[in-house]
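# Overview (structure and organization)
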Amino acid sequence: MEKLLVRGYKPLKGQVRISGSKNAILPIMAASVLSSGEIILNGVPDLEDIKVMSEMLEILGAKIHRQNDVLTINCTDIKSCEVPEHISRKMRASNLVMGALLARFGKARVAYPGGCAIGSRPMDLHLKGFRNLGYEITEEFGYMQGRAINAEGKEIMLDFPSVGATENIIMAATLIPGTTIIRNAAREPEIIDLQNFLNRMGAKIRGAGLDSIRIEGVTRLGGVEHTVIPDRIEAGTFMAAAAITRGDVYIENVVHEHIQPTIAKLRETGAEIILTNCGIRIIGNRKMRSTDIKTMPYPGFPTDMQPQFMALLSTVKGTSILVETIFENRFMHVPELRRMGADIKIEGRVAIIKGKNRLEGAAVEATDLRAGAALILAGLFSEGETKISRLEHIERGYDNIHLKLKTLGADITKGNI
Ligand code: EPZ
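If you're wondering where the values come from, they're calculated on a predicted model, not measured in any experiment.

So, about the environment of histidine 258. Positionally, histidine 258 belongs in the loop between strand E15 (248-252) and helix H9 (260-269). Taking the C-alpha atoms as reference points, histidine 258 and serine 35, separated by 223 residues in sequence, lie 28 Å from one another. Among residues more than four places away in sequence, those in contact with histidine 258 are Pro189, Ile229, Arg232 and Tyr298.

This is the structure in structure tokens:
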């Protein structure tokens, strides 16, 4: 079984380029089901979740071709509207094809999705939105089934600004008659990218990035070429890596607007952040100190950066309070960080982190995608060797993270260690 071997403690130095956003590409790939033309996506990283989404679209009958970071998708001849259990359970984003299948074909049968075990991750908001639009939805034998009875645009109020539910409802509303308004919509940048992608295919959507999104139904969508936005969570992960090693790293291919919460929190710890016109420089130092964090829907501090910051706050002077408000089980990295000497106490959704001036390398296990990233960061700070197993979690969302870290001077190798 392959593992990562990380030897700290070395300040990272140099320049690294951020890849395309996993959480923008996955809904955009699902949205390609709406199109009866050719879709060309540029800037697509080599991630496990993207392979799974490609496999899923091929099962439906799509033609997919990949050359380097360019992915070509053609859903003109899709023959099936059913996503079987063996593929659907591989990731959470499997659920995102349901809205597109309903809108284009008037029917869908999708097995419940899988994904990181960071919470129960129900589908109620997605299905409630579909029902509001006039789709008949049933749930049986582990599948969600839908068909268009008299689907038409409606006003929908989301009980929670769910990213996936917002994306799924946008897709389900794009090809039905009438106007849909989604209120209390999620405001993440990946939803703006989805809107821009769909509008370039011929959709009529306005308001993504705000809490109300308006979709005017159209009759068909054509092909398009699209370059996805940079991955703000990968960018944040490398920013935290520069800070935890007290290094000096320049990160290129970032949208400053998308990483403001991460910039603000790093500045609160005392790291120096310099913005340039197409990148960002992070300089850590030994005087960095504690700060408090509360994860919130965008534009608040992203839950996907919580584990990485827990690792960082375990290494700075002082006590930090971290509150996870989005997922009910997103502290699985805490026992693993404790193996490395971190001083973290958990009270429900609150973590109390007492910074230490040293951590020790240990054998640890990635429990989910961002937890795995946190363990790499802790290993970069620790004295001695850290061996990280269950790399499949990390490979879902980071494109060869160990090679990118190696270019920054990290002592990190991957193999059957
Ligand atoms: C997306 O997941 C991201 N995944 C997650 O990133 C991210 O953590 C999350 O949004 C929040 O920002 C992708 O975009 C592929 P949600 P999603 O629906 O859509 C509850 C990563 O590390 N909820 O906004 O599944 C849910 O239980 C991953 O890249 C319902 O109750 O997130 C959770 O508590 C992890 N009912 C909260 O909303 C529903 O029907 C936020 O979930 C849907 C969600």
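Having seen the model, we can carry on.
Right, let's talk about the pattern of salt bridges for a bit. This model, assessed by the stated rule, comprises 27 salt bridges. Of the charged contacts in the structure, one is a salt bridge between arginine 89 and glutamate 85, with a shortest N-O distance of 2.2 Å. With a relative accessible area of 53%, arginine 89 lands in the exposed category. You can call glutamate 85 partly exposed: its relative accessible area is 33%.

Attention now goes to the side chain of threonine 262. Along the polypeptide, threonine 262 turns up in helix H9. Classification of threonine 262 as buried rests on a relative accessible area of 2%. Sequence-distant contacts of threonine 262, defined by excluding residues within four places in its chain, comprise Gly236, Met239, Phe301, Pro302, Met305 and Phe309.

On to the nonpolar core, then. The biggest cluster of nonpolar side chains holds 74 residues, and the ones touching the most others in it are Tyr135 and Leu198. If near-sequence neighbours (up to four positions away) are discounted, tyrosine 135 is found in contact with Leu102, Ala103, Phe130, Arg147, Ala148, Ala151, Ala172 and Ile176. By size, the runner-up hydrophobic cluster in this structure holds 65 residues, among which are Val6, Ala271, Phe309 and Met310.

The four strands lie next to each other as E2-E15-E17-E16, forming an open sheet whose pairing is mixed. Whereas interior strands pair on both sides, the edge strands pair on one side only; in this sheet they are strand E2 (13-17) and strand E16 (272-276). Taken pair by pair, the neighbouring strands of this sheet meet at an average axis angle of 15°, ignoring direction. Packing of H9 onto the sheet brings it into contact with E16 and strand E17 (279-283), and relative to E16 it is tilted by some 145°.

Quick look at the side chain of arginine 92 now. Secondary-structure assignment places arginine 92 in the loop between helix H3 (85-88) and helix H4 (97-105). Among buried Asp, Glu, Lys and Arg side chains, arginine 92 stands out as unpaired, with aspartate 124 the closest opposite charge at 7.0 Å. At 3.0 Å, the side chain of arginine 92 and the backbone oxygen of proline 122 are in polar contact. Filtering out sequence-adjacent residues up to four positions away, arginine 92 remains in contact with Pro113, Gly114, Gly115, Arg121, Pro122, Met123, His126 and Arg396.

With that settled, consider the environment of methionine 98. If you trace the backbone, methionine 98 turns up in helix H4. Taking the relative accessible area as the measure of exposure, methionine 98 reaches 0% and is therefore buried. Along the chain, methionine 98 and valine 350 lie 252 residues apart, while their C-alpha atoms are 35 Å from each other. Other than its neighbours up to four places away in sequence, methionine 98 contacts Ala108, Val110, Leu127, Phe130, Ile137, Met144, Gln145, Gly146 and Asn168.

A few words now on the pairing of E16. For a regular strand, side chains alternate in direction, first toward one face of the sheet and then toward the other. Pairing analysis gives five bridges linking E16 to E17, with the strands arranged antiparallel. Counted as the bridge partner of isoleucine 273 is isoleucine 282 from E17.

Let us look at the site of the ligand. Close contacts around the ligand come from 21 residues, with Asp124, Leu125, Ser162, Asp304 and Ile326 the closest. Between a nitrogen atom of the ligand and a side-chain N or O atom of aspartate 124, the distance comes to 2.7 Å. Considering the ligand on its own, with 830 Å² of exposed area, one finds that the protein chains cover 89% of that surface. Put simply, the parts of the chain that give the shell around the ligand at least two residues each are helix H1 (22-31), helix H5 (124-132), helix H6 (163-174) and helix H12 (369-381).

Each value, and the rule that gives it
- Residues numbered from 1 in each chain as written.
- Predicted model: local features only at pLDDT ≥ 70, side-chain atom pairs only at ≥ 80, totals over all residues.
- Heavy atoms only, no water.
- Helix = DSSP H or I, 4+ residues; strand = E, 2+ residues; numbered from the N terminus.
- Contact = heavy atoms within 4.5 Å.
- Salt bridge = Lys/Arg side-chain N within 4 Å of Asp/Glu carboxyl O.
- Buried < 20%, exposed > 50% of the residue type's maximum accessible area, 1.4 Å probe, protein only.
- Core = buried A, V, L, I, M, F, W, Y, C linked by side-chain atoms within 4.5 Å.
- Pairing = 2+ DSSP bridges.
- Axes fitted to C-alpha atoms, helices over the stretch in contact; angles between N-to-C directions.
- Lys, Arg positive; Asp, Glu negative; His and termini not counted.
- Polar contact = N/O pair within 3.5 Å; in protein donor to acceptor, adjacent residues only side chain to side chain.
- Near = heavy atom within 4 Å.
- Areas by Shrake-Rupley, 256 points an atom, 1.4 Å probe, with all protein chains shown as cover.

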